[in-house]
Amino acid sequence: MIRKLTFILLGISSYLIGISQGIRLENDIKGERLMNIIDVSQMPKSPQFTSIKFTDSRSLCDTLMKNYNSLSDKDQFEASYFINQYNYFYPDLQTNGSVQSVDSNFYSYSNESSNSNIIKFREPVLKYFYSNPHHFYSFQSRNFSIHIDPIVNLSLGHDKASDSNFFQNTRGARVSGYIDKKVYFFSQILENQTIFPAYVNEYIKDNQAIPGNGFYKPFNSKVVKSIDGWDYLNASGYMGFNVSKSVSLDFGHGRHFIGNGIRSLLLSDFANNYFYLKLNTKVWIFQYQNIFAELSAYSHRNQSGDVLIPKKYFATHYLSLKPLPQLEIGLFESVIFSRENHFELQYLNPIIFYRSIEQALGSPDNAMLGLNANVNLFKTAKVYGQVVVDEFKLNELGTGWFGNKVGFQLGGSYYNAFNVKGFDIKVESNIVRPFTYAQSRPIPTFPQYSITSYSHGNQALAHPLGANFKEYILKLSYQLNPKIYSELTYINYSKGRDDVDQNNGGNILLNTDTAISMKVYGYNIGDGLKDKVNYLNWLVSYEIMPNLNIDLNSVYRHSTLSKSIGKKELFSGNLGIRYNITPTKFEF
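Across eight bridges, strand β7 (residues 247-254) lies against strand β8 (residues 274-283) in antiparallel orientation. Counted as the bridge partner of Phe-251 is Leu-277 from β8. Looking at chain direction, β8 and strand β9 (residues 286-296) are connected through nine bridges and run antiparallel. For Phe-275, the partnering residue across the bridge sits in β9 and is Glu-294. The turn linking β8 back onto β9 is made up of two residues, and Trp-284 within it adopts a positive phi angle of 55°.

Printed below as a string of structure tokens:
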């Protein structure tokens, strides 16, 4: 048994060593699915770490090329599509699409893919544009490559329940590329004018923040009367450098996601972009990620005038190991500093446990621990889960003590379900106790808020619902053919919201002293105003040309709050067109 395990570990290491990093998959649903297909089916050439979302496109392209002939016909089409989307270095490929062994230090393709016609070229439009069908403008040489793409997202919808209209108007641009095959860069800017559905406006009012965005202001149309919404800008970007074949360094503004689920209880992409430095290491059976970030203590809407928003700082380690091809285990720790506008340099140590630093300093920082795990079954399914521990005492179990702050996730994915190619099923449950992610350290200018809450700009860094909830999700997706994609999402959750003058542990922004001054024990999941929500979203998308889609989207949302607040309902239809951007969703 030991000898067999040794050979397995050596086999894995032979594929992982030497993989360097590059442009991230920015919300690329197809790319993430292909990565999981390869991992679940245990294709022998490239074991995958799947628990870090927005993973590296460069190594995934190489993996897809190596395993191309092992994929189904539908997945081969999606793989070819993905590789062309992230095609940065193919200057020596023949224009008929055949693949040669080009630049083994960057991509090393096997000969078995040489007649697959994976790489697509065509005559440029007006000499310069769409030489790569997936990009408006591309330039490639041995030492430099760049893609430039416009971004458009236009949609119009109507809510039958309230007889109101809403729309999305997004324009922007994206630039990405490589320098000397070692330095990579990405930049994206989006300008938005939006009228949101009523439940999103309620979130904005309660949190003083638009989900996933930062600064915003009222928008009043000068063309059409009675159109009032929000105007906001969203910018992200980073520059990275491959320090070695196994180590990369990223520096920029963006978001991160750790986990295999629809949600993450450890670190998710729900909040606005933040300033970060990331160190990523892949070697042998390990992947290790360090993130050091600067966050906003609250929203710009919490103050008036041009006043600098107080900063708070965040550091996290995530160690993922793959002892067997079908098993991945990840250990997570993070800390939010309790000192406003002050970075604790000792947390820069990339390998020490944060809890030990916190104790040595005698600091009141908010440290958390987490576990992420996934296992592949029957070469078609993946079972995954998470545990997050913000604070916990075993002898207080069952007492409802406010300080037992924990959360649990359990889910599963079934790919090409029931032998239907392109049909996937995902189920997931999330349970988080009251006051998880919250702390007692007040912000001097807003003492009702905590400086150490696990948040950024009034938005959760983990689950969008914060804490004090139970949630169940079902997601069905089907790639009917290369042009038509359909997705059905059902979410059911029950959350305890705050009553008048009572903090019930659901709002992670609040200083927990406002609760424990009234009682310390007797807090249970769902306490407070019980908000029971059923959410159903059906999306049908037709792709006219690469990255240009027409979407038909319908949403039903029913919310029932206890006491006299009553029921709230949304029943909407939405038609839109988007280019080089994923669908905008508010799934909560």
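Let us look at the nonpolar core. Ranked by internal contacts, the top residues of the largest apolar core, which has 80 residues, are Leu-64, Phe-82, Phe-196, Leu-267, Tyr-437, Tyr-454 and Leu-461. It is helix α2 (residues 29-40) that provides the largest number of residues to this core, a total of five residues. Once you skip the residues sitting within four places of it in the chain, Tyr-437 turns out to touch Leu-265, Asn-366, Met-368, Val-388, Asp-390, Val-432, Thr-452, Ser-453, Tyr-454, Ala-462, Gly-466 and Ile-508.

With 13 residues, helix α4 (residues 73-85) ought to run about 18 Å at 1.5 Å a step, and its terminal C-alpha atoms sit 19 Å apart, in line with that. Counted residue by residue, α4 has ten buried out of 13 residues, so it is predominantly covered. Residues of α4 that are buried: Asp-75, Gln-76, Glu-78, Ala-79, Ser-80, Tyr-81, Phe-82, Ile-83, Asn-84 and Gln-85. The secondary structure elements touched by the buried residues of α4 are α2, α3 (57-66), β2 (144-159), β20 (469-479) and β22 (529-545).

Scored by pLDDT, the protein chain has a mean of 84; 84% of the residues are at 70 or more. Contacts from residues 1-19, a stretch scored under 50 in pLDDT, to residues over four places away or in other chains number 31 contacts. In the model, residues 91-116 has pLDDT below 50 throughout and makes 54 contacts with residues more than four positions away in sequence or in other chains.

With that settled, the discussion passes to the pairing of strand β13 (residues 381-391). Examined bridge by bridge, strand β12 (residues 366-377) and β13 share nine bridges and lie antiparallel to one another. Bridge pairing links Ala-373 to Gly-385 in β13. Pairing of β13 with strand β14 (residues 405-414) involves ten bridges; the strand directions are antiparallel. Within β14, the residue paired with Gly-385 across the bridge is Leu-410.

On to the pattern of salt bridges. Taken as a whole, this structure holds 18 salt bridges when the rule is applied. Residue Arg-33 is joined to Asp-424 by a salt bridge in which the shortest nitrogen-to-oxygen separation is 2.4 Å. Pair noted here: Arg-33 is in helix α2 and Asp-424 is in strand β15 (residues 423-432), with a separation of 391 residues, a long-range link. Among the ionic pairs, Glu-471 bridges to Arg-263, the shortest N-O distance being 2.8 Å. With a gap of 208 residues between them, Glu-471 in strand β20 and Arg-263 in the loop between β7 and β8 connect regions that are remote in the sequence. Residues participating in the shared-partner salt-bridge network are Lys-475, Glu-487, Lys-585 and Glu-587.

All right, on to the environment of Thr-514 then. Here Thr-514 lies in helix α7 (residues 513-516). Classification of Thr-514 by relative accessible area gives partly exposed; the value is 34%. Spatially, the C-alpha atom of Thr-514 lies 6.5 Å from that of Asn-503, the residues being eleven residues apart in sequence.

Our focus in this paragraph is the packing of α2 against α3. In contact at an axis separation of 11 Å, α2 and α3 are set at 50° when each is read in the N-to-C sense. Classified by the interaxial angle, the pair formed by α2 and α3 is oblique. Classified by chirality, the crossing of α3 by α2 is left-handed. When α2 is examined against α3, the residues Gly-31, Leu-34, Met-35 and Ile-38 are found in contact with a partner set consisting of Leu-60, Thr-63 and Leu-64. For the contact of α2 with α3, a count of residues per class yields five nonpolar, two polar and no charged.

Another aspect to go through is α3. For α3, a buried count of nine out of ten residues is recorded, marking the element as mostly surrounded by other parts of the structure. Inspection of α3 places Ser-57, Arg-58, Ser-59, Leu-60, Cys-61, Asp-62, Thr-63, Leu-64 and Met-65 among the buried residues, and these make up the whole buried set. The elements touched by buried residues of α3 are α2, α4, β3 (164-179), β6 (228-242) and β8. One side-chain oxygen at the N-terminal end of α3 lies 3.0 Å from the backbone nitrogen of Arg-58; it belongs to Asp-56.

Turning our attention to the environment of Phe-571. Checked against the element boundaries, Phe-571 lands in strand β24 (residues 566-579). Ignoring any residue separated from it by four or fewer positions in sequence, one finds Phe-571 in contact with His-158, Asp-159, Lys-160, Ala-161, Val-555 and Tyr-556.

Turning our eyes to something else, we now look at the side chain of Ser-413. For Ser-413, the location among the structural elements is in strand β14. You can call Ser-413 buried: its relative accessible area is 5%. Ignoring any residue separated from it by four or fewer positions in sequence, one finds Ser-413 in contact with Thr-380, Ala-381, Lys-382, Tyr-384, Ile-425 and Lys-426.

Here we take up the packing of aromatic side chains. All chains considered together, the criterion is met by 30 aromatic pairs. Aromatic side chains Phe-196 and Tyr-232 sit 6.1 Å apart centroid to centroid with 25° between the ring planes, which places their arrangement in the stacked category. Placement of Phe-196 in the loop between β4 (183-195) and α5 (198-207) and of Tyr-232 in strand β6 is noted, with a sequence separation of 36 residues between them. The class for Phe-196 is buried, based on a relative accessible area of 4%. Given the relative accessible area of 4%, Tyr-232 is considered buried. Residues Phe-270 and Phe-588 carry aromatic rings whose centres are separated by 6.3 Å and whose planes lie at 85° to one another, so their mutual orientation is edge-to-face. Of this pair, Phe-270 sits in the loop between β7 and β8 while Phe-588 sits in the segment after β24; the two residues are 318 residues apart in sequence, bridging distant segments of the chain. Taken individually, Phe-270 and Phe-588 each receive the classification buried, so the pair is uniform in this respect. Members of the aromatic cluster, each reached through a chain of ring pairs, are Tyr-128, Phe-129, Tyr-130 and Phe-136. Between the NZ or CZ atom of Lys-30 and the centre of the ring of Tyr-81, over which it lies, the distance is 4.3 Å. Note that Lys-519 overlies the ring of Tyr-523, its terminal NZ or CZ placed 4.6 Å from the centroid.

The rules behind each value
Residues numbered from 1 in each chain as written. Predicted model: local features only at pLDDT ≥ 70, side-chain atom pairs only at ≥ 80, totals over all residues. Heavy atoms only, no water. Pairing = 2+ DSSP bridges. Helix = DSSP H or I, 4+ residues; strand = E, 2+ residues; numbered from the N terminus. Core = buried A, V, L, I, M, F, W, Y, C linked by side-chain atoms within 4.5 Å. Buried < 20%, exposed > 50% of the residue type's maximum accessible area, 1.4 Å probe, protein only. Contact = heavy atoms within 4.5 Å. Expected span 1.5 Å × (residues − 1). pLDDT = per-residue confidence, 0-100. Salt bridge = Lys/Arg side-chain N within 4 Å of Asp/Glu carboxyl O. Axes fitted to C-alpha atoms, helices over the stretch in contact; angles between N-to-C directions. Parallel < 35°, antiparallel > 145°, perpendicular 65-115°, else oblique. Left-handed = near helix turned anticlockwise from the far one by under 90°. Nonpolar A, V, L, I, M, F, W, Y, C, P; charged D, E, K, R; others polar. Polar contact = N/O pair within 3.5 Å; in protein donor to acceptor, adjacent residues only side chain to side chain. Phe/Tyr/Trp six-rings, centres within 6.5 Å; stacked < 30°, edge-to-face > 60°. Lys NZ or Arg CZ within 6 Å of the ring centre and 35° of its normal.

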